[in-house]
Amino acid sequence: MSTTTAPSRGGIWKQSRTFDPAVRLLFLNQLTINLGFYMLMPYLAAHLADGLGMAAWAVGLVLGARNLSQQGMFLVGGALADRLGFKPLIVAGCALRTVGFGALAFAQSLPMLIAASLATGLAGALFNPAVRACLAAEAGEERRVEAFALFHTYYQAGILLGPLVGVALTGVSFRLTCTVAAVLFAGLTLVQLRHLPVRGGAAAPAEKGERGQFRTVLSHRTFWLFSLAMTGSYVLSFQVYLALPLAADGTGLTTALFVVSALVALAGQLRITAWCRRRLNRERCLVLGLALMGGAFLVPAALGRGAVGLLLCAAVLAVANAVLYPYEMDTVVALARGRWVATHYGLYNTVCGIGITLGNLGTGALLDVTGWSAVPWLALCAVGLVCAAAVALLARGGRLAEAGAGVGAGAGDAA
């Protein structure tokens, strides 16, 4: 396990090499997962509608099946990771996504497409909580924030590269895109099966068993309050996929929004995290990130739907995410106190996933009623500020600071 305490300097690759091989493999894992996912999923709807001639309701059903499967099973995936170990769930998730993407290459009937979509979603529910819990354990308490900052950088790199590779492959055939994505996941499955160390959950002896596991997580009031407060950040981040593209009204500007978001994260994540570590504690970073996220929507509120306003909004959102993500992930581990870490991640993802759905419904309804006035943007700004205030109240009550006490003997030292 890594023992360096000071933040490393240098580029992404140089800083990555200061971690143990297991952590570097998890970085590669997330890059490959997002590369494979984003080379395929952005073009699936067009394939279903144009290539297979499916009706819009059927396209929505296939896409919705994946999201429902993933969001609905996050808690189960996290619970299984804590009971069976992180490696089996990561390997099983990648193997299942291999099958799902391979099936999408050949599926033509609606039942087969739904089954393949459900498989890809369930795969994400299996490996996502396990990957984050494993990263926290392998990096250790002292380097957890730094590891999650790098993890987010690789995450964004996959989002940037995936659509670029996908558009080239889909230009030949969508079946080729699915096949390449499946091969990527198959290779990743084999690499992890061979090189990822066995790492299990961290339950206290008195908490062994399913009842103790879920009682510990579901009765954690501070964790619930933190999860609910942070849900707003996911609603706001998702507007890069909803409100901003709708306002952009053109594929060129929409593509630019994603490119700007990814480039800001790639260029700024490590610098932003280093600045935060020098000047702020964890709680203040969370409050700052949420406030910045809300403030991002003041830009289109003032400048309207023009390219400058939308691109600036996307850039500020990316900066806010860079501030938030490492400390958000670190706080989940700290609140878990080393007990059922993956289960906590699974519940956190489930809560935030429900919040995204409700937030998108609210945003869409507001856009229908008010159009492109300043009202929707100001409402989104208010969401960020309210969530920042909620986290500040938790921090002022000492709940988040207390969460870090005694964590050193938790997830980072789990056997």
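Residues numbered from 1 in each chain as written. Predicted model: local features only at pLDDT ≥ 70, side-chain atom pairs only at ≥ 80, totals over all residues. Heavy atoms only, no water.

## Structural notes on the pattern of salt bridges
A side chain with one charge can pair with a side chain of the opposite charge if their charged atoms come near.
Phase 1 of the analysis: Going through the model one piece at a time under the given rule, you end up with four salt bridges.
Phase 2 of the analysis: The structure contains a network of salt bridges with shared partners spanning Arg144, Arg282, Glu283 and Asp330. (Salt bridge = Lys/Arg side-chain N within 4 Å of Asp/Glu carboxyl O.)

## Points about the nonpolar core
Phase 1 of the analysis: With 109 residues, the main nonpolar core has Leu40, Phe86, Phe101, Phe226 and Leu244 as its most contacted residues.
Phase 2 of the analysis: In terms of residue count, the dominant contributor to this core is helix 15 (residues 307-336) (15 residues).
Phase 3 of the analysis: If we skip the residues at most four places from it in the chain, Phe226 touches Leu286, Glu328, Thr331, Val332, Leu335, Tyr348, Leu394 and Leu400. (Core = buried A, V, L, I, M, F, W, Y, C linked by side-chain atoms within 4.5 Å. Buried < 20%, exposed > 50% of the residue type's maximum accessible area, 1.4 Å probe, protein only. Helix = DSSP H or I, 4+ residues; strand = E, 2+ residues; numbered from the N terminus. Contact = heavy atoms within 4.5 Å.)

## A few points about the confidence of the model for the protein
Phase 1 of the analysis: Across the protein, the average pLDDT comes to 87, with 91% of residues at 70 or higher.
Phase 2 of the analysis: Within the protein, no element has a lower average pLDDT than helix 18 (residues 399-403), which sits at 67, and none a higher one than helix 13 (residues 282-295), at 96.
Phase 3 of the analysis: Long-range and interchain partners of residues 202-206, a stretch whose pLDDT sits below 50, account for seven contacts in this model, where long-range means more than four residues apart.
Phase 4 of the analysis: In the model, residues 405-415 has pLDDT below 50 throughout and makes 26 contacts with residues more than four positions away in sequence or in other chains. (pLDDT = per-residue confidence, 0-100.)

## Digging into the packing of aromatic side chains
Phase 1 of the analysis: Across all of its chains, the model carries 13 aromatic pairs by this definition.
Phase 2 of the analysis: Both rings, one in Phe19 and one in Phe27, keep their centres 5.9 Å apart while their planes meet at 85°; by these two values the pair is edge-to-face.
Phase 3 of the analysis: Among the aromatic residues, those joined into a cluster by ring pairs are Phe223, Phe226, Tyr234 and Tyr348. (Phe/Tyr/Trp six-rings, centres within 6.5 Å; stacked < 30°, edge-to-face > 60°.)

## Looking at helix 15
Note on helix geometry: an α-helix contains 3.6 residues per turn, so any two residues three or four positions apart are oriented the same way.
Phase 1 of the analysis: Taking 1.5 Å of rise per residue, the 30 residues of helix 15 would be expected to cover 44 Å, and the 42 Å separating its terminal C-alpha atoms lies within 8% of that figure.
Phase 2 of the analysis: Along helix 15, the largest kink reaches about 30° and is centred on Leu324; proline Pro326 follows within four residues of it.
Phase 3 of the analysis: In the stretch just after helix 15, Arg337 is the one whose phi turns positive, near 55°. (Expected span 1.5 Å × (residues − 1). Bend = angle between axes of the 7 residues up to and from the residue.)

## Brief notes about the packing of helix 13 against helix 15
Phase 1 of the analysis: Their axes nearest at 8 Å, the elements helix 13 and helix 15 cross at an angle of 145°. As for how helix 13 packs across helix 15, the hand of that crossing is left-handed. Two secondary-structure elements touch here, helix 13 through Arg282, Cys285, Leu286, Leu288, Gly289, Leu290, Leu292 and Met293 and helix 15 through Val316, Leu317, Val319, Ala320, Asn321, Val323, Leu324, Tyr327, Glu328, Asp330, Thr331 and Ala334.
Phase 2 of the analysis: Residue composition of the contact of helix 13 with helix 15, by class: 14 nonpolar, three polar and three charged. (Axes fitted to C-alpha atoms, helices over the stretch in contact; angles between N-to-C directions. Left-handed = near helix turned anticlockwise from the far one by under 90°. Nonpolar A, V, L, I, M, F, W, Y, C, P; charged D, E, K, R; others polar.)

## Digging into the side chain of Asn360
Phase 1 of the analysis: The topology assignment puts Asn360 in helix 16 (residues 341-370).
Phase 2 of the analysis: A relative accessible area of 17% means that Asn360 is categorised as buried.
Phase 3 of the analysis: Leaving out residues up to four positions away in the same chain, Asn360 has contacts with Phe238, Gln239 and Leu242.

## Let's talk about the environment of Gln108
Phase 1 of the analysis: Mapped onto the elements, Gln108 comes out in the loop between helix 5 (86-106) and helix 6 (110-139).
Phase 2 of the analysis: Judged by its relative accessible area of 55%, Gln108 is exposed.
Phase 3 of the analysis: The spacing of Gln108 and Gly51 is 57 residues in sequence and 9.7 Å in space, taken between C-alpha atoms.

## A short note on helix 10 (residues 221-237)
Phase 1 of the analysis: Its 17 residues place the ends of helix 10 25 Å apart at the C-alpha level, agreeing with the 24 Å of an ideal helix rising 1.5 Å per residue.
Phase 2 of the analysis: The buried count for helix 10 comes to twelve of 17 residues, which makes it a mostly enclosed element.

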